[in-house]
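Each chain, letter by letter, is given below.
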Amino acid sequence: MTKTKATTNEIKVAFKKLALDPKNVRKKADQNGIQSLAANIAVNGVLQNLIVRPDAKRGHYLVTGGGRRYRAVEHLIKEGLLTPDYELSCQVRTEKEATELSLAENVMREAMDPADQFRAFKALADEGTTVEDIAKRFGTIELIVTKRLKLARVSPVLFGLFEKGEMELSQLQAFTVSDDHDTQERVWNSLPRYYRNSHDIRRALTDGKIPASDKRIQFIGGLDAVRNAGGIVICDLFSDRDSGYVEDIALVEKLVAEKVEAAMQEIAAEGWKWVRYQAELDNTAMQAFGREYPKQPDLSEEDQTELERLQAESDEAVTRYNETGDEEDRVAFEVADEAIENLQAKYVAEFSSDQKTICGTIISIGYHGDLRVERGLIDPADAKAKAAAGDKDSENVSEAAFHSKALIAELTARKTSVLRMELAKNPDVALAVAVHSMAIKTLYNHSAARDNGTIEISLDSACLESQIKDAGQCDIVNAIERQRESWKSVLPFDPTELWNWCLEVSQKTLLELQAFCVAQTINAIEYGEGYNKTGVDHGDRIGLALGTDITVHFQPTAENYFSRVKLDLIHESLVEACGEEAAAPVRKMKKKEAVAYASDKVAGTGWVPSLMTFSDDAPVSDEVIDEAA
């Protein structure tokens, strides 16, 4: 039914007698917003009147203003929380006023100031309302409520600056990594005006603390491990990369030591001659050690017979499929290959007891916080003793002792010529040879490369990390390292088995591995004074051929660029990126201020230094110029 107040045009109308007005200017509504509003209405009711005009049917009305409220109530009715008889307060207007009122309500409505939102949430929390209840009332998630409460609890002095528009939201968010108001204010006052960006505020407040991304934190099980040990975790709710920081470095080191000690005891029980922990373990350190590799056990006579049968079955299916293209033959090949893999999986390569009596194990924390275990290592002192014993035990006389050096060289040269001719006729085997040579030199230690190569493919790889400041924080360097670890996880552990692996895998896999290995040899580093100009120019051409967009991978910041160039170059950079007007203030700034200012200004512009761009500036020959003319 419809109830009307005698003295005003305000009436109560049942929802079932309402419909959206075609003259309502708002045609679309965000469904998530509707659900949030519905959650609030379920607790507090509809707080604002709808604006309606009479419909053609007596007693029915069209909603001219308040479409979101109408949809929210409709949502609650569909959910069974309200009935179609639910009454809403409405103001009745004429059809002539409909469009103007609808436009006025939507366009002239002013959104609630963010500071007022944060303060309102805090007021509810201070009254004892739980985060869960606040979230339910406003149809949002608890994390959003927690974030708003965190912002509202920043120093009142700084929050006041935010209210006045003298501080950006990102800056206010950065201050939430500390709950100490005095520290927050001290950091704000100590930073120069143009150095008060969110990154530098966060860095100043967390100086000396361990971020959640640190591999030690990952190794012990994340921030929860610190909490469980009674440590205090400083949460960073507004950081995309890190979820928090740990202040108690001694506690983290203690937890790391305990986990390392447990791992060492477990590995020592395997029977190794020695077990050691090394915090940082790189390829250079590994080169000092000799190495033994786990041995693949021989198949039983029964399994060897079955393996040969399956291999013959696989070969026959492949031959038939190549001739006929029959799908059944392809399936038969895959079934046989899967059976071969399952059979071979029964025989896991293991170290023998004899190997363990002369070898040891080094453990360290891996790049991503995992436990890195290097088994089968021979201490340099033991390696010398082993080599001496090997020379003493060797009693076989080489056939080469009966030939002159000249004859040996000639015979093996002839042999090599045959290999070259035959290999040139077989591109599949040639691919395996090339990939084997590249992988053995790129993904194994130097001794493996020295002992397993007849192919003279030289692979030099410039050390990028030595040229990049804070290389551990460089996303691209980290991505390359993840690729390396991924490949090492699928390659055989023993380099002597790599050759057979290369012959057995698909051409697609070989090409992908070859691409990775070749990529590691690129050196487009410009060392100055024209050194490596050819490499730089070729690198530009490769970048153009790949269609590489450097801006996807690199963003100039205070740390990686602006703090390391002169003030004049900072000005020129800003002119290129943002124009003369934006660059002008730099002329009156000190270096530190200019660095922060430039970093903020170029963010999101897509500008990078010209050294980072790819361009083909190689000189064009006279013949090409003449031909073009």
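Residues numbered from 1 in each chain as written. Predicted model: local features only at pLDDT ≥ 70, side-chain atom pairs only at ≥ 80, totals over all residues. Heavy atoms only, no water.

Caption draft 1: Region of the structure containing the overall build of the chain. On a plain count of helices and strands, the chain comes out with 29 helices and 13 strands. A buried classification covers 33% of the 629 residues belonging to the chain. Long-range contacts, defined as pairs at least 24 residues apart, comprise 68% of the intrachain contacts of the chain with a sequence gap of at least 6. Element-wise, carbon and sulfur atoms account for 51% of the exposed surface of the chain, whose accessible area totals about 38600 Å². (Helix = DSSP H or I, 4+ residues; strand = E, 2+ residues; numbered from the N terminus. Buried < 20%, exposed > 50% of the residue type's maximum accessible area, 1.4 Å probe, protein only. Contact = heavy atoms within 4.5 Å. Areas by Shrake-Rupley, 256 points an atom, 1.4 Å probe, with all protein chains shown as cover.)

Caption draft 2: Representation of the sheet that holds strand E7 (residues 210-211). In space, the three strands of this open sheet follow the order E7-E9-E8, with antiparallel pairing throughout. Edge positions in the open sheet fall to E7 and strand E8 (233-235), since each of these has one partner strand only. With three bridges joining them, E8 and strand E9 (residues 244-246) adopt antiparallel strand pairing. Counterpart to Ile-234 in the pairing with E9 is Tyr-245. (Pairing = 2+ DSSP bridges.)

Caption draft 3: Structural detail: the packing of aromatic side chains. Tallied over the entire structure, the rule returns eight aromatic pairs. With a centroid separation of 6.1 Å and an interplanar angle of 55°, the aromatic rings of Phe-159 and Phe-162 are classed as tilted. One end of the pair is Phe-159 and the other is Phe-162, both in helix H7 (residues 156-163) and three residues apart, which spans about a single turn. As far as burial versus exposure is concerned, Phe-159 and Phe-162 are alike and both buried. A connected cluster of aromatic rings, assembled from ring pairs, spans Tyr-561, Phe-562 and Trp-607. Over the face of the ring belonging to Trp-272 we find Lys-356, whose NZ or CZ atom lies 5.7 Å from the ring centre. (Phe/Tyr/Trp six-rings, centres within 6.5 Å; stacked < 30°, edge-to-face > 60°. Lys NZ or Arg CZ within 6 Å of the ring centre and 35° of its normal.)

Caption draft 4: Geometry of the pattern of salt bridges. Taken as a whole and assessed by the stated rule, the structure comprises 24 salt bridges. Among the salt bridges present, the one from Asp-382 reaches Lys-273, with a minimum N-O distance of 2.9 Å. You can see Asp-382 sitting in helix H18 (residues 380-393) and its partner Lys-273 sitting in the loop between helix H13 (249-268) and strand E10 (274-277), a full 109 residues away along the chain. Here the salt bridges share partners, and the residues they tie into one network are Asp-200, Arg-203 and Glu-559. (Salt bridge = Lys/Arg side-chain N within 4 Å of Asp/Glu carboxyl O.)

Caption draft 5: Highlighting the pairing of strand E13 (residues 371-378). Examined bridge by bridge, strand E11 (residues 290-291) and E13 share two bridges and lie antiparallel to one another. When the bridges of E13 are listed, Gly-290 appears paired with Ile-378. The pairing of strand E12 (residues 360-365) with E13 spans six bridges and is antiparallel. What sits directly across from Ile-363, in E13, is Val-373.

Caption draft 6: Examining the sheet that holds E11 more closely. The strand order across the open sheet built from four strands is E10-E12-E13-E11, with neighbouring strands paired in mixed fashion. Edge positions in the open sheet fall to E10 and E11, since each of these has one partner strand only. Packing against the sheet, H13 makes contact with E10, E12 and E13, and its axis sits at approximately 165° to E10. (Axes fitted to C-alpha atoms, helices over the stretch in contact; angles between N-to-C directions.)

Caption draft 7: The layout of surface pockets, seen in detail. By volume, the second largest pocket is sized at about 1300 Å³. Forming the walls of the second largest pocket are 27 residues, and the residues nearest its centre are Ile-340, Glu-341, Gln-344, Trp-501 and Glu-504. Elements represented by at least two residues in the lining of the second largest pocket include exactly helix H15 (301-324), helix H16 (327-345) and helix H23 (498-504). With eight residues, H16 is the single largest residue contributor to the lining of the second largest pocket. (1 Å grid on protein atoms, 1.4 Å probe; cavity = no way out; pocket = protein on both sides within 12 Å on 5 of 7 lines; lining within 4 Å. Points joined across faces, edges and corners; volume = space filled by probe spheres on them.)

Caption draft 8: Structural detail: the nonpolar core. Of all hydrophobic cores here, the largest spans 39 residues; its most connected members are Met-167, Leu-172, Phe-175, Phe-562, Ile-570 and Leu-574. When contributions to this core are tallied by element, the ones reaching two or more residues are helix H4 (114-126), helix H6 (142-152), H7, helix H8 (169-174), helix H9 (181-190), helix H10 (198-205), helix H26 (567-578) and helix H28 (591-602). By residue number, the principal contributor to this core is H28, which donates six residues. In contact with Phe-562, not counting residues within four places along its chain, are Pro-556, Thr-557, Ile-570, Ser-573, Lys-591, Val-595, Ala-598, Ser-599, Val-602 and Trp-607. Ala-212, Leu-223, Met-264 and Val-275 belong to the second-largest nonpolar core, a separate cluster that totals 25 residues. (Core = buried A, V, L, I, M, F, W, Y, C linked by side-chain atoms within 4.5 Å.)

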